[in-house]
There are 2 protein chains.
Amino acid sequence: MALQVLCGCVMLLLLLGPQVPLASAARHPALWPLPMSVHLSEDLLHLTRESFEITHGPNSTAGPRCFLLEEAFRRYHEYIFGYFMSPDDHLKFSGEAQLQELHVTITSADSECDAYPNSTSDESYKLVVHWPVAVLEARKVWGALRGLETFSQLVYKDPYGVYVINESEVIDAPRFGYRGVLIDTSRHFLPLKTILTTLDAMAFNKLNVLHWHIVDDNSFPYQSMAFPDLSKKGAYSYAHIYSQMDISIVIEHARLRGIRVIPEFDTPGHTESWGKGQKDLLTPCYQGSEKTNSFGPVNPILNTTYEFMSRFFKEISRVFPEEYIHLGGDEVDFDCWESNPFVTEFMKERSFGKDYRKLESYYIQRLIDIISSTNKGYIVWQEVFDNGVKLKQDTIVEVWKDSFYRKELADVTAAGYAVVLAAPWYLDYITYGQDWKKYYAVEPLDFAGTKKQKDLVIGGTAALWGEYVDATNLTPRLWPRASAVAERLWSPKNVRNLDDAYDRLAEHRCRMVRRRIAAEPLYVGYCEL
Amino acid sequence: MALQVLCGCVMLLLLLGPQVPLASAARHPALWPLPMSVHLSEDLLHLTRESFEITHGPNSTAGPRCFLLEEAFRRYHEYIFGYFMSPDDHLKFSGEAQLQELHVTITSADSECDAYPNSTSDESYKLVVHWPVAVLEARKVWGALRGLETFSQLVYKDPYGVYVINESEVIDAPRFGYRGVLIDTSRHFLPLKTILTTLDAMAFNKLNVLHWHIVDDNSFPYQSMAFPDLSKKGAYSYAHIYSQMDISIVIEHARLRGIRVIPEFDTPGHTESWGKGQKDLLTPCYQGSEKTNSFGPVNPILNTTYEFMSRFFKEISRVFPEEYIHLGGDEVDFDCWESNPFVTEFMKERSFGKDYRKLESYYIQRLIDIISSTNKGYIVWQEVFDNGVKLKQDTIVEVWKDSFYRKELADVTAAGYAVVLAAPWYLDYITYGQDWKKYYAVEPLDFAGTKKQKDLVIGGTAALWGEYVDATNLTPRLWPRASAVAERLWSPKNVRNLDDAYDRLAEHRCRMVRRRIAAEPLYVGYCEL
């Protein structure tokens, strides 16, 4: 048995050696995203559905009372064996080495089994596959979840239909801590099932943030306890609403997979649907001295606005255990504010001149004070920074504008703010062909800046805006295109060989299909059944 | 009761009058494709799931022994009522006019109930909805199928949740007789279920030709009786094969919906997968005087080639009842032929000089003779015409190259050949946004030519090539984008108002979703449940 170091993805195939035929994509482990370090031996161990077990290691600080791990053990046993229902599962291999168990050991005194994942959650793990028992070690349950995914990806079927795994060692941790997928449930309502399926697929790709753009101009599906009229009048219909129960199901499904749920309640723009259920919240627009029937952004000059926001975000901060709330702040249209004589008067009183960015800043600062009082952090879209809003130093700025995003990264980090990058990963903009390569090629730290600045880039988001997406097409549009982003954010910087990525990703998407995720094909070919 | 003439789609909403609120897209009939002539009265009739029946008219030449119609009656009853399971179905409307029945009357002595649809099938129908019994008249069952679809689209729910239909008269017939969808089962295998679902959706859009591009370079899923090795060695795997039973299921499912199944067996190019199971069929390529391991198009210089083709297409002509076979003929790469010394010798003997188009012509002509001997017609891609192959006058040429397709239409029809237009409708080329409008805007007869030439344009095809499409994404990628093509090919030329089309198509796609077709959204919004 000779363990060999696998540094970078290209060597994977070579290292498997002559014993493993490479003709079929399914006949060797296809790891995605590629771990930090993989050592694969040529020696193979067998596994069988009946005898192989995933259990708690004897020294684990988590045990059978850790529902998160118990549930993960059950799930991964099914992922490994469940979708290959073939008669040879009952074959016995008395003469050959068989892997009996995977022991999962949490080493930290607090396993965080009952906690919610957060921005500093430790996702690192170490996986050692040797006869007769494989060992997965992680400080926290979050690393164990990632390691279980890797273990499941290491198992494949040999040419005789037998489950095998190479003796191997994996040491792994993510390159970036924030690896998100944005879904948009305002342009189109997404049924609960679609969201849960998305969370499943995120876990298969080691993504860990669901950025839930839950409301927008078009509809307000969030059912507020304090302001039930918001969804009653602002949702598309009674059937297009997320109840508190729905929200809690999403949050728990995500937690069990080590995924944070960051809700976005975008203001002061993108709020048309809010106005339907909350009187006087939006700015009335004027034509000359006449009020029109249309409304602009949130009305920043009324005290009632801030009273509403205070009560509303207090609820949100309780409903979502996540430490951050996304406050939006993008694309504020100043025309309506400009048309409104009361706003003009207010601008005058405050000596804002004609600079409506100052009014926006005024609003956002008051909003931020409200959020801070709930002990939550906040994320904003880049305009809030661009428009010179005074931000607290712990603000996270999300860069979304595709043109000059590298300069924006440099500017925002130079000002000392943490950054999440979404700009090059707007997956709603579809094009013909293998656009995953474009997403894969992005290097998030490829901008002019110091080491300190680069350290402020905490990750990125694959954004699937909802103008043209609903439950009918979300899954194949998101996967495996978001997988390209997932590897970019998880794997070491030098993992970027396209040919190797193609082979692994093609098999990874087939694995997703076997796990009931309708991920679309990369190119011609087929998946083994 | 005042019947009003509906000429063109724009007037539909106006004519519905004040009794029908227009706030919701589902609250008025959304006809797609729009019939030739629609008269809608303001008077509404009620229908209930329990009492409404679709039956044979007393004078129909078809009766309960016509399985095609019996099956269609059952299906459309379910489409009309099946997906709205709500308690108010049991309400009684004693005081108001209730539609009791739809009588379907076939007027021609031969209803064609047990026949296969063909290029001259009569799809015209007349539908009169008056209390107490609606009457659908058609010369053949094909028109009855189209009329049933229209009837089902006329029924909607009023604001009180009651099924209603306007008293109305529809006279309808398609503008073009050939309205196709191309699927490609070689780049990716499509499971039987996906093909059947596609046929269902085609019927909802009154499309009538499934152009089945069944084999190509990548794989040969057709299981031949005479040459079983073709799929045994040329298919992706044993699981990626269409058995004779599968083929017959597709053909019958299509027939019951008035859809022709035209198989394409593309030669002499696009045949790499054929070579795996049929020795010496493909041309060996040479490098200098040395044979390489690669193969080019079908070898046109061997008698064995024609013996094979003769036997193969004899089988195909029996398996597919359809009167036409698509012979392909596109993108023949001459390099390999040029490299082969035996081909060079053959060219010399035949005085073809260096013009490999003459060799292609030689092959195609011999192939056409073979097809003719089976009494089938044939369709070819435009290169066969472009390369000067001598064609019989009844050849159908399919135009696929997007650049200058109008000139190609003019040239092909000037030479007297019938044409099918696919060029502007390559639905595999996706772009961001509402590209259905681009497909919708096409006018197939917009080219320089005489009336006689225009009459040679028999229709068109929405082509969804399979490079990036498989069962995971086919349905939302095809629908409702192919619906735009469907209306262009069915409805009168002047039906082209985009705003009206948007409203009807948005509701039509929701109707497809209710009928279990995962058609993607046109833009923001929602479907009533």
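Residues numbered from 1 in each chain as written. Chains lettered and ligands numbered in written order. Predicted model: local features only at pLDDT ≥ 70, side-chain atom pairs only at ≥ 80, totals over all residues. Heavy atoms only, no water.

Colleague: Please set out the overall build of chain A residue by residue, giving values where relevant.
Modeller: Looking only at helices and strands, chain A features 18 helices and 18 strands. At 25 Å, chain A has a C-alpha radius of gyration in line with the 24 Å of a compact globule built from 529 residues. Taking the principal axes of the C-alpha coordinates as reference, chain A spans close to 90 × 45 × 45 Å. Relative to its 529 residues, chain A shows a buried fraction of 63%. Sequence-distant contacts, at least 24 apart, represent 74% of the contacts inside chain A between residues at least 6 apart. Total accessible area on chain A stands at roughly 20,000 Å², and carbon and sulfur atoms take up 53% of it. Positive and negative charge centroids in chain A, built from 55 and 69 side chains respectively, lie 2 Å apart. (Helix = DSSP H or I, 4+ residues; strand = E, 2+ residues; numbered from the N terminus. Rg over C-alpha atoms; globule rule 2.2 N^0.38 Å. Buried < 20%, exposed > 50% of the residue type's maximum accessible area, 1.4 Å probe, protein only. Contact = heavy atoms within 4.5 Å. Areas by Shrake-Rupley, 256 points an atom, 1.4 Å probe, with all protein chains shown as cover. Lys, Arg positive; Asp, Glu negative; His and termini not counted. Charge placed at Lys NZ, Arg CZ, Asp CG, Glu CD.)

Colleague: Explain the pattern of salt bridges to me, and be specific about the residues and the numbers.
Modeller: All names here are of chain B. The tally for this structure, following the rule as stated, stands at 57 salt bridges over all chains. A salt bridge links Lys407 to Asp411; the shortest N-O distance between them is 2.8 Å. Of the two residues, Lys407 and Asp411 both sit in helix α13 (residues 405–414), four residues apart, roughly one turn of that helix. Judged by relative accessible area, Lys407 falls into the exposed class, the value being 53%. For Arg514, the salt bridge goes to Glu507, with nearest N and O atoms at 3.1 Å. In this pair, the class of Arg514 matches that of Glu507, namely buried. (Salt bridge = Lys/Arg side-chain N within 4 Å of Asp/Glu carboxyl O.)

Colleague: Describe the relation of the copies chain B and chain A, and please don't skip the residues or the numbers.
Modeller: Under the fitted operation, chain B is carried onto chain A by 0.0 Å of movement along the axis and a turn of 180°, and the coordinates agree to an RMSD of 0.0 Å. The superposition operator between the copies reduces to a two-fold rotation axis. Of every C-alpha in chain B, the one belonging to Thr431 of chain B sits nearest the axis of rotation, 2.6 Å from it. A shared interface surface links the copies, since 100% of the contact residues of chain B are contact residues in chain A too. (Least-squares fit on C-alpha atoms with pLDDT ≥ 70 in both.)

Colleague: Give a detailed account of the state of the cysteines, specifying residues and quantitative values.
Modeller: All names here are of chain A. Under the defined criterion, the tally for this structure stands at six disulfides over all chains. Disulfide pairing places Cys285 opposite Cys336 at an S-S distance of 2.1 Å. One quick way to see it: the torsion about the S-S bond of Cys285 and Cys336 is about -110°, and its sign makes the bridge left-handed. Remark: Cys336 occurs in helix α9 (residues 335–339) and Cys285 occurs in strand β12 (residues 282–287); sequence separation between them is 51 residues. Taking relative accessible area as the criterion, Cys285 reaches 10% and is therefore assigned buried. According to the relative accessible area criterion, Cys336 is buried, its value standing at 7%. With a sulfur-sulfur separation of 2.0 Å, Cys510 is cross-linked through a disulfide to Cys527. Here the S-S torsion is close to -80°, and the disulfide linking Cys510 with Cys527 is therefore left-handed. Here Cys527 lies in the segment after α18 (498–514) and Cys510 lies in helix α18, a separation of 17 residues in the sequence. There is no split in this pair, since Cys510 and Cys527 are both buried. Along chain A, the cysteines engaged in disulfide bonds are linked according to the scheme 1-2, 3-4, 5-6 when indexed in sequence order. (Disulfide = S-S within 2.5 Å.)

Colleague: Outline the interface of chain B and chain A, listing residues and values.
Modeller: With 35 residues of chain B in contact, the opposing surface of chain A contributes 35 residues. Both faces considered, chain B and chain A share a buried interface measuring about 3,000 Å² in area, 64% of it formed by carbon and sulfur atoms. Considering only the side of chain B, the residues that lose the most area to chain A are Tyr432, Tyr468 and Thr472 of chain B, jointly responsible for 26% of the buried surface there. Taking the shortest distance from any N to any O, the salt bridge between Arg509 of chain B and Asp470 of chain A comes out at 2.8 Å. (Buried area = accessible area lost by both parts, 1.4 Å probe.)

Colleague: An account of the side chain of Asp470 of chain A is needed here, citing residue identities and associated values.
Modeller: As for its placement among the helices and strands, Asp470 of chain A is situated in the loop between β18 (457–464) and α16 (474–478). Excluding anything up to four places from it in sequence, Asp470 of chain A contacts His188 and Leu190 of chain A together with Arg509 and Pro521 of chain B.

Colleague: Quick one: what's the story with the UniProt feature "domain: Glycoside hydrolase family 20 catalytic" (unreviewed entry) in chain A, residue by residue and with numbers?
Modeller: Following the UniProt record, the feature "domain: Glycoside hydrolase family 20 catalytic" (unreviewed entry) maps to residues 176–492 of chain A here. When the span residues 176–492 of chain A is considered, its composition is 40% helix and 18% strand, and the gap between its end C-alpha atoms is 10 Å. (UniProt positions renumbered as here; feature names shortened; annotations may be inferred.)

Colleague: Describe the packing of aromatic side chains, listing the residues and the values that go with them.
Modeller: We describe a pair of aromatic rings using the distance from one ring centre to the other and the angle between the two ring planes. Enumeration according to the criterion identifies 73 aromatic pairs over all chains in this entry. Look at Trp212 of chain A and Tyr242 of chain A: their rings are 5.1 Å apart centre to centre, the planes differ by 80°, and that puts the pair in the edge-to-face class. With Trp212 of chain A in strand β10 (residues 209–213) and Tyr242 of chain A in the loop between α5 (229–234) and α6 (244–255), this residue pair connects regions lying 30 residues apart in the sequence. On the basis of relative accessible area, Trp212 of chain A is assigned to the buried category, the value being 0%. When its relative accessible area of 1% is taken as the criterion, Tyr242 of chain A is described as buried. Note on Phe346 of chain A and Tyr362 of chain A: the rings are 5.3 Å apart at their centroids and 65° apart in plane angle, and the pair reads as edge-to-face. You can see Phe346 of chain A sitting in helix α10 (residues 341–349) and its partner Tyr362 of chain A sitting in helix α11 (residues 356–373), a full 16 residues away along the chain. An identical accessibility class is assigned to Phe346 of chain A and Tyr362 of chain A; each is buried. Three or more aromatic residues joined by ring pairs make a cluster, and in this case those are Phe220, Tyr222, Phe227, Phe265, Trp274, Phe308, Phe312 and Phe313 of chain A. Here the basic side chain of Arg488 of chain B rests over the ring of Tyr440 of chain B, its NZ or CZ set 4.6 Å away from the ring centre. (Phe/Tyr/Trp six-rings, centres within 6.5 Å; stacked < 30°, edge-to-face > 60°. Lys NZ or Arg CZ within 6 Å of the ring centre and 35° of its normal.)

Colleague: Describe the domain arrangement of chain A, with residues and values.
Modeller: All names here are of chain A. The domain architecture assigned to chain A consists of domain 1 (37–172), domain 2 (178–470 + 490–496) and domain 3 (497–528). Here domain 1 and domain 2 have C-alpha centroids that lie 37 Å from each other. Between domain 1 and domain 2, the residue contacts involve 22 residues of the former and 18 residues of the latter. Interface area for domain 1 against domain 2, summed over the two sides, is near 1,700 Å², with a carbon-plus-sulfur share of 53%. On the domain 1 side of the interface with domain 2, the three residues burying the most area are Tyr116, Pro117 and Arg146, jointly 32% of the side's total. There are one salt bridge connecting domain 1 and domain 2. Between Glu123 and Arg179 there is a salt bridge; the shortest N-O distance is 2.8 Å. Joining domain 1 to domain 2, the criterion identifies 10 residue pairs in polar contact (both at pLDDT 80 or more). For the side of domain 1 that touches domain 2, the elements supplying multiple residues, two or more each, are α2 (67–81) and α3 (141–154). (Domains from an automatic or database assignment. Polar contact = N/O pair within 3.5 Å; in protein donor to acceptor, adjacent residues only side chain to side chain.)

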